[in-house]
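# Architecture at a glance
Single-letter residue listing:
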Amino acid sequence: MTAHPAHGQLGYLQLPTRDVGRSIAFYEAVFGWTGEPEHGSFHAPGLGGQWSTDLVPAAGSGPVLWLGVDDLHPALSRVVAHGGRVHGRPRLDQGARWLAEVDDPDGTRLGLVAPVRTGRAQPLLAVRDVEAASAWYQRVLGLVSDHGGPEYERLLADGVLVLQLHRHDVTHHHGPVVADPGAPLGNGVLVWFGEVSDFDGVVARAGAAGAPVARPPHRNPPEGGGNGPSHREVWLRDPDGYTVVVASPDGEVWE
């Protein structure tokens, strides 16, 4: 699998053809591309693609440009928000990439190429007051709201979903998120945020917010204990009693 292209970089090129074999011979001879007849795919310097008999060659129509995007859903949302159109559902191409076809505001067809990812942790916490909990995480950790509202929240770090908040007594379409409404929230759960460069700022903001401290700032491992992760940690309690561990970047306190 080749490296995923940078955001906005041309990552996959689809060219119309009536005869894949003839196209392979031509592009190999003229440009040195290598073609694969079974799927009609090709490799060019810094670029891969496919010849497609599903597209009808037409003078002046030009190729379909497939542009790399970092994440599928945000890209599709931005297409629609800025006057474009999404054509059908994205499709998984041979397990290697997600492909989606869109139109720009003028109707020009474009393709989006998004990476296939291994599963990411996106924890969801049952909370009593979604908006209060969201405000706490935004204030202390600098997370950004991506949803808002009294029942459900999505919180982003650097544009990536890292935490979900759900009101504990709202069932939505999936049923209750708390198995035992009488049990205390947060028991046995540690919400861990690592690689936090602004560690001292988090400690200061947590103090200003009056957050209970379960374990004050400390080195992991303790001084003289070797270099393990070599970071600092502070263990806090959020408004619902969840233990929130904030850790500085690994190696930050190297001995």
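Treat the numbers as computed from the prediction; the structure is a model and nothing was measured.

This part is about the layout of surface pockets. The space that makes up the second largest pocket amounts to roughly 430 Å³. In this structure, the second largest pocket is lined by 21 residues; those nearest its centre are Leu143, Ala157, Val162, Phe193 and Gly194. Of all elements in the fold, only strand S11 (152-157), strand S12 (160-167), strand S13 (190-193) and helix H4 (199-208) reach the threshold of two or more residues within the lining of the second largest pocket. Among the elements that take part in the lining of the second largest pocket, S13 stands out by supplying three residues, more than any other. Split into classes, the residues belonging to the lining of the second largest pocket amount to 14 nonpolar, three polar and four charged.

Moving on, we get to the sheet that holds strand S10 (residues 144-145). The strand order across the open sheet formed by four strands is S9-S12-S11-S10, and the pairing between neighbours is mixed. Two strands bound the open sheet, and with one partner strand each, they are strand S9 (124-127) and S10. Bridge count for S10 against S11 is two bridges, and the pairing is antiparallel. Each bridged residue has a counterpart across the sheet, and for Val144 the counterpart in S11 is Leu156.

Attention now goes to the environment of Val246. Topologically, Val246 is positioned in strand S16 (residues 243-247). Val246 gets classed as buried once you look at its relative accessible area, which sits at 0%. It is 5.5 Å that separates the C-alpha atoms of Val246 and Val234, two residues lying 12 residues apart in sequence. Sequence-distant contacts of Val246, defined by excluding residues within four places in its chain, comprise Leu141, Phe193, Val196, Phe199, Val202, Arg232, Glu233 and Val234.

At a minimum axis separation of 8 Å, helix H3 (residues 130-141) and H4 run at an interaxial angle of 135°. Viewed along their axes, H3 and H4 adopt a mutual orientation that is oblique. Each of Arg139, Val140 and Leu141 in H3 lies in contact with H4, whose residues at this interface are Val202, Arg205, Ala206 and Ala208.

Rules of the game
- Residues numbered from 1 in each chain as written.
- Predicted model: local features only at pLDDT ≥ 70, side-chain atom pairs only at ≥ 80, totals over all residues.
- Heavy atoms only, no water.
- 1 Å grid on protein atoms, 1.4 Å probe; cavity = no way out; pocket = protein on both sides within 12 Å on 5 of 7 lines; lining within 4 Å.
- Points joined across faces, edges and corners; volume = space filled by probe spheres on them.
- Helix = DSSP H or I, 4+ residues; strand = E, 2+ residues; numbered from the N terminus.
- Nonpolar A, V, L, I, M, F, W, Y, C, P; charged D, E, K, R; others polar.
- Pairing = 2+ DSSP bridges.
- Buried < 20%, exposed > 50% of the residue type's maximum accessible area, 1.4 Å probe, protein only.
- Contact = heavy atoms within 4.5 Å.
- Axes fitted to C-alpha atoms, helices over the stretch in contact; angles between N-to-C directions.
- Parallel < 35°, antiparallel > 145°, perpendicular 65-115°, else oblique.

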